[in-house]
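For reference, the chains in residue letters:
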Amino acid sequence: MSHPVVRLLDALYLACIWISGAALAVMCLVIPVGVFARYVLGFGAQWPEPIAILMMVVFTFFGAAAAYRAGAHIAVQMLTDRLPAPLRRACAGFVHLAMLAASGFVVVWGFQLVKGTMGQTLSELPWLPVGITYLALPLGSLVTLLFVLEHIVFGSQHDRPVVTYDHEPRVAEEAT
């Protein structure tokens, strides 16, 4: 699709992939450092665990946004696949509205959490405000919200080349 909004969201999708991948890589590097420091060097470094947890949160929220856009999120379709097409569309609409509500909730209250904890610091990382560690929640949810709106307005994006770069696109399901 050549719509400018979709192209912008393509870039945002790729940013989510890179952010998630970087967070996962940092987490995979930091955890062995903590284990090495504790069991080989004989002292427990305090910083690896909070950094790994922070990276897990970043990976989760930005990865979930990318997974939603790619259609790779978990979905139980045993019941809905057996429904007539109009009811399947109604269920899909309900899911999108529920995703809008959940994402909107986390965006609003996530920013409140960030704002409310900005004056606190982690004891292991005194230079890092707690509010920064929570920033992935509202930002990742905001991206998810944008992808849900995109799905509602422009349709599913999970068969586009930007999403299916490593495999053949799926054959579009026949909507009857």
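Located above this text is the structure these notes cover.
Conventions adopted
Residues numbered from 1 in each chain as written. Predicted model: local features only at pLDDT ≥ 70, side-chain atom pairs only at ≥ 80, totals over all residues. Heavy atoms only, no water. Helix = DSSP H or I, 4+ residues; strand = E, 2+ residues; numbered from the N terminus. Rg over C-alpha atoms; globule rule 2.2 N^0.38 Å. Buried < 20%, exposed > 50% of the residue type's maximum accessible area, 1.4 Å probe, protein only. Contact = heavy atoms within 4.5 Å. Areas by Shrake-Rupley, 256 points an atom, 1.4 Å probe, with all protein chains shown as cover. Lys, Arg positive; Asp, Glu negative; His and termini not counted. Charge placed at Lys NZ, Arg CZ, Asp CG, Glu CD. Salt bridge = Lys/Arg side-chain N within 4 Å of Asp/Glu carboxyl O. Expected span 1.5 Å × (residues − 1). Axes fitted to C-alpha atoms, helices over the stretch in contact; angles between N-to-C directions. Parallel < 35°, antiparallel > 145°, perpendicular 65-115°, else oblique. Left-handed = near helix turned anticlockwise from the far one by under 90°. Nonpolar A, V, L, I, M, F, W, Y, C, P; charged D, E, K, R; others polar. Phe/Tyr/Trp six-rings, centres within 6.5 Å; stacked < 30°, edge-to-face > 60°. Patch = residues over 30% accessible without salt bridge, like charges linked within 9 Å, V, L, I, M, F, W, Y side chains within 5 Å.

Trainee: Got a minute to help me understand the overall build of the protein in this structure?
Mentor: Helices and strands together make up the secondary structure of the protein, namely five helices and zero strands. Along the protein, from the amino end to the carboxyl end, the secondary structure elements read α-α-α-α-α. Relative to the 2.2 N^0.38 estimate, which gives 16 Å for 176 residues, the radius of gyration of the protein is 20 Å and therefore markedly larger than a compact globule would have. Evaluated residue by residue, the protein yields a buried proportion of 30% over its 176 residues. For the protein, restricting intrachain contacts to residue pairs at least 6 apart in sequence, the fraction spanning at least 24 positions comes to 73%. In the form shown here, the protein has an accessible surface area of approximately 11,100 Å², with 72% of it arising from carbon and sulfur atoms. On the protein, the mean spot of the 9 positive side-chain charges and the mean spot of the 10 negative ones are 6 Å from each other.

Trainee: Which parts of the structure should I look at to understand the pattern of salt bridges?
Mentor: Between side chains of opposite charge, a pair can form as their charged atoms come close. Using the criterion set out here, one finds three salt bridges in the structure. The salt bridge partner of D10 is R160, with a shortest N-O separation of 2.7 Å. Taken together, the residues D10 in helix α1 (residues 4-39) and R160 in the segment after α5 (136-154) connect sequence positions 150 residues apart. Note on accessibility: D10 and R160 belong to one class, buried.

Trainee: Would you take a moment to explain α1 for this structure?
Mentor: Note: α-helices contain 3.6 residues per turn, so residues at a spacing of three or four share the same orientation. With 36 residues, α1 ought to run about 52 Å at 1.5 Å a step, and its terminal C-alpha atoms sit 53 Å apart, in line with that. Turning to α1, its buried residues number three or more, namely V6, L9, D10, Y13, C16, S20, A23, M27, V30, G34 and A37. Tucked into the core, α1 has its buried residues touching α2 (48-70) and α5.

Trainee: Sorry if this is basic, but what is going on with the packing of α1 against α2 here?
Mentor: Between two packed helices, the angle of one axis relative to the other and the distance separating the axes together describe the packing. At a closest axis distance of 8 Å, the pairing of α1 and α2 adopts a crossing angle of 150°. In terms of their interaxial angle, α1 and α2 are classed as roughly antiparallel. The two elements α1 and α2 meet at a crossing, and its hand is left-handed. Considering only residue class, the contact of α1 with α2 consists of 23 nonpolar, three polar and two charged.

Trainee: I would appreciate a short explanation of the environment of A37 in the present structure.
Mentor: Mapped onto the elements, A37 comes out in helix α1. In the structure, A37 is positioned 55 residues away from A92 in sequence and 49 Å away in space, judged by C-alpha atoms. Setting aside residues no more than four positions away along its own chain, A37 makes contact with G42, F43 and A45.

Trainee: What is the right way to look at the packing of aromatic side chains in this model?
Mentor: Note on aromatic pairs: each is described by the distance of the centres and the angle between the planes. All chains considered together, the criterion is met by one aromatic pair. Each ring, one from F105 and one from W109, has its centre 6.4 Å from the other, and the planes form 45°; the classification is tilted. Within this pair, F105 and its partner W109 are both found in helix α3 (residues 85-117), separated by four residues, close to a single helical turn. Assigned by exposure class, F105 and W109 land together as exposed.

Trainee: Can you walk me through a nonpolar patch on the surface in this structure?
Mentor: Residues I31, V35, F36, Y39, V40, L41 and F43 make up a contiguous nonpolar surface patch of about 750 Å² in total accessible area. With respect to the helices and strands, V40 occurs in the loop between α1 and α2. Residue V40 is classed as exposed on the basis of its relative accessible area of 55%.

Trainee: How should the side chain of S20 be read in this particular structure?
Mentor: Among the secondary structure elements, S20 is positioned in helix α1. With residues near it in sequence (within four places) discarded, S20 still touches F59, F62 and G63.

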